[in-house]
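# Reading the structure
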Amino acid sequence: PSSEAAQLAERAQMNDKGTFYFYASEPQLDGTAKFNEVCKRQEENSAILGCFTNGKIFVYNISDKRLNGVEEVTAAHEMLHAVYVRLSSSEKNHLNSLIDVEYQKLLRSEDNDLKERMEYYARTEPGERDNELHSIIGTEVSSIGDELEEYYSQYFTGRQAIVALHDSYSSKFDELERSSTTLKSQLEQLSSEINTMTSQYNSEIAVLNDDIESFNVRAQNGGFSDQSTFQAARAALEGRVGVLTQTRSTIDTKVADYEVKRQAYNQTVDESNSLSRSLDSSLAPAPSI
C-alpha cells in the first residue's frame, strides 16, 4: 500500500483483518478530476467521497483541514463493502437481520437524513440496501447491539474511533445547519416586525402631520380661547412626537439587529457552501503533468 493508504488504515483503527481487506482492495487516494472517472456521480447534488468498484477502493483526497476525518471514514466505509461482498449467503442473511434492527431504531429516532440517504441508494444502487447499511452503521453509529458490535470488532481495534471521526466533521455541517435555520427564523420574525411597525409609524406620522398643521392654523387664527388650552394642545402633540420618536428608534434598532443577523446568516451559508465544495469531487483540479 501507499504511505497514505497505510495512514488511513492506522487512523481508522482497522485491525489486521480489516487492514487485510483494505489493502487487498488496492486503495487509491486521488484529489483530482480523475477520481470522477472511476467513482461516477449518480445525481447532481450528491457528492461522492469514495467507491468500491471492480474489487478496488478509491477515496477522494480532501485537502480542507476543516473536514479532518472524512478520508478515514470513507476508507473504513469502503473496506466494509469489500468485507460484505465476500460473506456467504447465510452470513449475509443473519447479518442483515441484525442490521435491520439497528436501522429501524435509527428511523424511530427521527433520523431523516439517513432515511433520505437510503432513498438515494434505492434510486442509484437498487438491491444494495443492506450492503450500504452494513458500512454506514459500522462507521457512523455509536450505540449498536452487542452481537453486531462483536461482529464489527473483527475489523477494528476500536470502532468508536472511526465513529468519533465521523461525528467530528459531520457535526460541523449540523451546527451550521442549525445556526442558519435559527438565523433565518429570526430574520423572518424581525422583517415582519419591522414592516408592521414601519407601516404603523408612517400612518401615525401622516395623521400627526395633519394634526400639527391644523394646530398651527388654529394658533395663527386665534383659535385657542386661552394660553392654558393652547399649551395643553401643544403638549399633547409633543407627547405624540415623543412616542413616535421612540418608535422610530425601536425600528432603527431592529433594522440594525436585522443587518447583523443577515451578515451572520450569509457568513454561515458561505461557510456551509465552502465545506460542501470541498467535498465536491466534480470541482477537483486536473492532475498535474
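Below: a short report on this structure.

Conventions adopted
Residues numbered from 1 in each chain as written. Predicted model: local features only at pLDDT ≥ 70, side-chain atom pairs only at ≥ 80, totals over all residues. Heavy atoms only, no water. Helix = DSSP H or I, 4+ residues; strand = E, 2+ residues; numbered from the N terminus. Rg over C-alpha atoms; globule rule 2.2 N^0.38 Å. Buried < 20%, exposed > 50% of the residue type's maximum accessible area, 1.4 Å probe, protein only. Contact = heavy atoms within 4.5 Å. Areas by Shrake-Rupley, 256 points an atom, 1.4 Å probe, with all protein chains shown as cover. 1 Å grid on protein atoms, 1.4 Å probe; cavity = no way out; pocket = protein on both sides within 12 Å on 5 of 7 lines; lining within 4 Å. Points joined across faces, edges and corners; volume = space filled by probe spheres on them. Nonpolar A, V, L, I, M, F, W, Y, C, P; charged D, E, K, R; others polar. Disulfide = S-S within 2.5 Å. Salt bridge = Lys/Arg side-chain N within 4 Å of Asp/Glu carboxyl O. Core = buried A, V, L, I, M, F, W, Y, C linked by side-chain atoms within 4.5 Å. Pairing = 2+ DSSP bridges. Polar contact = N/O pair within 3.5 Å; in protein donor to acceptor, adjacent residues only side chain to side chain. Phe/Tyr/Trp six-rings, centres within 6.5 Å; stacked < 30°, edge-to-face > 60°. Expected span 1.5 Å × (residues − 1). Axes fitted to C-alpha atoms, helices over the stretch in contact; angles between N-to-C directions.

## Things to note about the overall build of the protein
Scanning the protein from terminus to terminus reveals 10 helices and three strands. The order of helices and strands in the protein, counted from the N terminus, is α-α-β-α-β-β-α-α-α-α-α-α-α. Expected size for 289 residues packed as a compact globule is a radius of gyration near 19 Å; at 32 Å, the protein overshoots this value by more than 25%. The principal-axis extent of the C-alpha atoms belonging to the protein is close to 105 × 50 × 30 Å. Within the span of the protein, comprising 289 residues, buried residues form 36% of the whole. Long-range contacts, defined as pairs at least 24 residues apart, comprise 71% of the intrachain contacts of the protein with a sequence gap of at least 6. Carbon and sulfur atoms make up 48% of the accessible area of the protein, which totals about 16500 Å².

## A short note on the layout of surface pockets
Each pocket or cavity is described by its volume, and for the second largest pocket that value is around 230 Å³. Along the walls of the second largest pocket sit 14 residues, with L87, E91, L95, Y151 and Q154 positioned nearest its centre. Of the residues forming the lining of the second largest pocket, the biggest block, five residues, is contributed by helix α5 (residues 89-108). Across the lining of the second largest pocket, the residue classes tally to seven nonpolar, three polar and four charged.

## A closer look at the state of the cysteines
According to the stated counting rule, one finds one disulfide in the structure shown. Here C39 pairs with C51 through a disulfide, and the sulfurs are 1.9 Å apart. With the S-S dihedral at roughly -70 degrees, the linkage between C39 and C51 falls on the left-handed side. Residue C39 is located in the loop between α3 (35-38) and β2 (50-53), and its partner C51 is located in strand β2; the two are separated by 12 residues in the primary sequence.

## Some remarks on the pattern of salt bridges
One pass over the structure, following the stated rule, counts 14 salt bridges. Notably, a salt bridge pairs R129 with D130, separated by 2.9 Å at the nearest N-O pair. Note on R129: relative accessible area 33%, which makes it partly exposed. Shared partners join several salt bridges into a network, and the residues in it are D100, R129 and D130.

## Here we look at the nonpolar core
If you look at the biggest cluster of nonpolar residues, it comprises 52 residues, and the most contacted ones within it are M14, F22, M79, I137, L148, Y151 and Y155. Considering every element that reaches this core, the biggest residue donor is helix α4 (residues 70-84), with eight residues.

## Considering the pairing of β2
Strand direction decides the pairing type here: β2 and strand β3 (residues 56-60), joined by four bridges, are antiparallel. Each bridged residue has a counterpart across the sheet, and for G50 the counterpart in β3 is V59. Linking β2 back to β3 in an antiparallel pair, the connection comprises two residues, with N54 at a positive phi of about 55 degrees.

## Here's the deal with the side chain of T74
When you line up the elements, T74 lands in helix α4. Residue classification places T74 among the buried positions, given a relative accessible area of 8%. What T74 contacts, discounting residues up to four positions off in sequence, is L49, G50 and V59.

## Considerations on the pairing of β3
Working note: regular strand, side chains alternate between the two faces of the sheet. For β3, a buried count of four out of five residues is recorded, marking the element as mostly surrounded by other parts of the structure. Here strand β1 (residues 28-30) pairs with β3 via three bridges, running parallel. Across the sheet, the residue bridging to L29 is V59, located in β3.

## Side note on the environment of S274
Looking at the secondary structure, you find S274 in helix α10 (residues 227-279). Residue class for S274 comes out partly exposed when judged on its relative accessible area of 21%. Residues S274 and D64, 210 residues apart in the sequence, show an inter-C-alpha distance of 9.7 Å. A polar contact of 2.7 Å, which involves the side chain of S274, links it to the side chain of R66.

## Some details on the packing of aromatic side chains
Scanning all chains against the criterion turns up 10 aromatic pairs. Summarising the aromatic geometry, the rings of F22 and Y23 are spaced 6.1 Å apart at their centres and angled 40 degrees between planes, so their arrangement reads as tilted. The class of F22 is buried, set by a relative accessible area of 0%. In this structure Y23 comes out as partly exposed when scored by relative accessible area, which is 30%. Seen in terms of ring centroids, Y151 and Y155 are 5.5 Å apart; in terms of plane orientation they differ by 70 degrees. Their pairing is edge-to-face. On the basis of relative accessibility, which here comes to 3%, the residue Y155 falls in the buried class.

## Side note on helix α7 (residues 129-140)
With 12 residues, α7 ought to run about 16 Å at 1.5 Å a step, and its terminal C-alpha atoms sit 16 Å apart, in line with that. Most of α7 sits out of view: 11 of its 12 residues are buried.

## Observations regarding the sheet that holds β3
One open sheet holds the three strands; their spatial order is β1-β3-β2, and the pairing between them is mixed. On the outer flanks of this sheet lie β1 and β2, each paired with one strand and no other. Each adjacent strand pair in this sheet contributes to an overall mean axis angle of 20 degrees, direction not counted.

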